[in-house]
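Coordinate analysis (summary)
The primary structure of each chain is shown beneath.
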Amino acid sequence: MGGDCGRELGRIRQMNLSLRRKMTVAAAKVAGVDALLVTHLPDVRYLCGFTGSSGALVLLGGRAVLFTDGRYTAQARVEAQGTRVVIATKPAVLAACEWIEAAGVSACGFDATQTTVAGLEAMRKVVSAKVRRRLFRPVEALVAALREVKDADEIALMRKAAELGCGLFSGMLTYLDAGLTEVAVAAELEHAARLAGAEGMSFETIVASGARSALPHGRATMLKLPKRGFVTLDFGVVLGGYCSDMTRTVHLGRALPGEREVYDSVLEAQMAAVGAVAPGVTAGEVDEAARSVLRRDGLDKYFSHSTGHGVGLEIHEGPRIAAKQKQVLKQGMVITIEPGVYIPDKFGIRIEDMVQVTATGGEVLTPSVKAWIEL
Ligand code: ZN
Ligand code: ZN
C-alpha cells in the first residue's frame, strides 16, 4: 500500500470514529446525561479504535478521553488517534470516574448491561461523598444499539471474513472423512484459518457428527466421524476485529430414506427467511418465514432456537431474529439466518449464512454452496 493511500484510509477511519462518537453523544443527550462512561471493550474499540484488553472511554461533548494502563502506552497512542489517552496507575474505569468528577459532570451515563453491582459500588467509592449518589446514571446499551447498523467499512471487513470462512469450508470438503475425530476436523479448520490470515476464531468451532449433530451447540469431541451420517460445521473467523459466522451440514455416505427431505426442508426454510430480509420488516417476520416452512413439514417442534442474530465486533449482537420480535430491520444491519432441525438421538441439520440488510432486501455474504452435499 502506498503512503498516500495509507494516509487516505487512515483519514477515512478517523472520520468514521468521530461520526460514531458524535452519534453516541447525541444518544446520551436524549437519554438525559451529559457524559457517557464506556467500559465494554468492543464498544471502546468501536468508538476510538483502541484494541487493548483494559480501557475505559469517556465521552463529554466533543471530548473523548481513553483511560488505560502502562502496558498499552504506545498502542493506545497509535490506535486511538483523535482521542486523548491517559495512562492510569489504578484500574482504568476508576481513573475515568475521578476525571469525570473533576470535569464537573453532573450526570454520567453508564451501560447497565455491562456494569456489575460490585463495579458500580467501586465507581461510587472513588468519587467524593457529595456527588456519589447522583453522578452515575444507568442508561440503555446506547453503543450496542448504534453498532447494530454497520457502515461501509465494517461491511467490507465482514464480507471478507465471510468469504474467508467459505474458503475454509471448501477445503474441509476434501478433508472430511469417516474415522477422523471431530477434534481433528476442528483443529484442521482452525489451522487453515490462521494460515489464511484470520486473527482468530469467532467462537469455539462446532463439529457435531452422527447422532451428535442433534445437539445444536455440539462441541468437537474425540468421537470419530461415522461412515454414514451428518456432520455439522459451525464456525467463524475474526478479521480486522469483525466476526464471521456460518454453518453447513454435509452427509457422509449414502443418506437413509427421509434424511434428504429433512435437509431440503431446512434449506427451504433458510432461503425463505433470507428472502424475507428487508428494511422495515420485523425480526419476528423473518423468523416466521423460516418457522412456517418447517411447520408445514411437521418439523417446527424440532427447531428449538431462534432464527438468527446480529453479528459484528462480537459474535452475538442485536438484533435478535426470534419469534414475535418487534424490532424493525434497518439497512446496514448484518444478521445471521440459521434455522435448524434437531431430531433427538437421530440427527440434526442447520444451515447458516450472514445476510446484509440492503436498501431493498437482503444480500447473502456467505457464498458457499448450501445444496445437499454427500461425500
Ligand atoms: Zn454459527
Ligand atoms: Zn450464528
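Our subject in this report is the structure included herewith.

Calculation notes
- Residues numbered from 1 in each chain as written.
- Chains lettered and ligands numbered in written order.
- Predicted model: local features only at pLDDT ≥ 70, side-chain atom pairs only at ≥ 80, totals over all residues.
- Heavy atoms only, no water.
- Donors = N, O, S within 2.8 Å, 3.2 Å for Na, K, Ca; no water.
- Tetrahedral: all angles 85-135°; square planar, octahedral: opposite > 155°, others 65-115°.
- Helix = DSSP H or I, 4+ residues; strand = E, 2+ residues; numbered from the N terminus.
- Buried < 20%, exposed > 50% of the residue type's maximum accessible area, 1.4 Å probe, protein only.
- Pairing = 2+ DSSP bridges.
- Axes fitted to C-alpha atoms, helices over the stretch in contact; angles between N-to-C directions.

1. Digging into the coordination of the zinc ion (ligand 1)
Looking at the zinc ion (ligand 1), the protein donor atoms are Asp234 (OD), Asp234 (OD), Asp245 (OD) and Glu352 (OE), and they sit 2.0 to 2.7 Å from it. The coordination sphere of the zinc ion (ligand 1) comprises 4 donor atoms, whose angles at the metal cover 53 to 152 degrees; the geometry is irregular. Of note, the zinc ion (ligand 1) draws all its donor residues from one chain, in the sequence arrangement D-x10-D-x106-E. Separating the zinc ion (ligand 1) from the zinc ion (ligand 2) is a distance of 3.2 Å, and Asp245 supplies a donor atom to each of them. Of this pair, Asp234 sits in strand β9 (residues 229-235) while Asp245 sits in the loop between β11 (242-243) and β12 (246-252), placing them 11 residues apart in sequence. You can call Asp234 buried: its relative accessible area is 2%. A residue is classified by how much of its surface remains accessible, and Asp245, at 4% relative accessible area, is buried.

2. Points about the sheet that holds β9
Consider a sheet: its strands pair through backbone hydrogen bonds, and that pairing is either parallel or antiparallel. Pairing in this open sheet of 3 strands is antiparallel, and the strands run β8-β9-β12 from one edge to the other. Both edges of this open sheet fall to β8 (206-209) and β12, since each of them pairs with a single strand only. Strand-to-strand twist of the sheet, defined as the mean angle between neighbouring strand axes without regard to direction, takes the value 15 degrees. In this structure, β9 lies alongside β12, joined through 7 bridges in antiparallel fashion. When the sheet's bridge partners are listed, Phe230 is paired in β12 with His251.

Geometry only, nothing functional implied.
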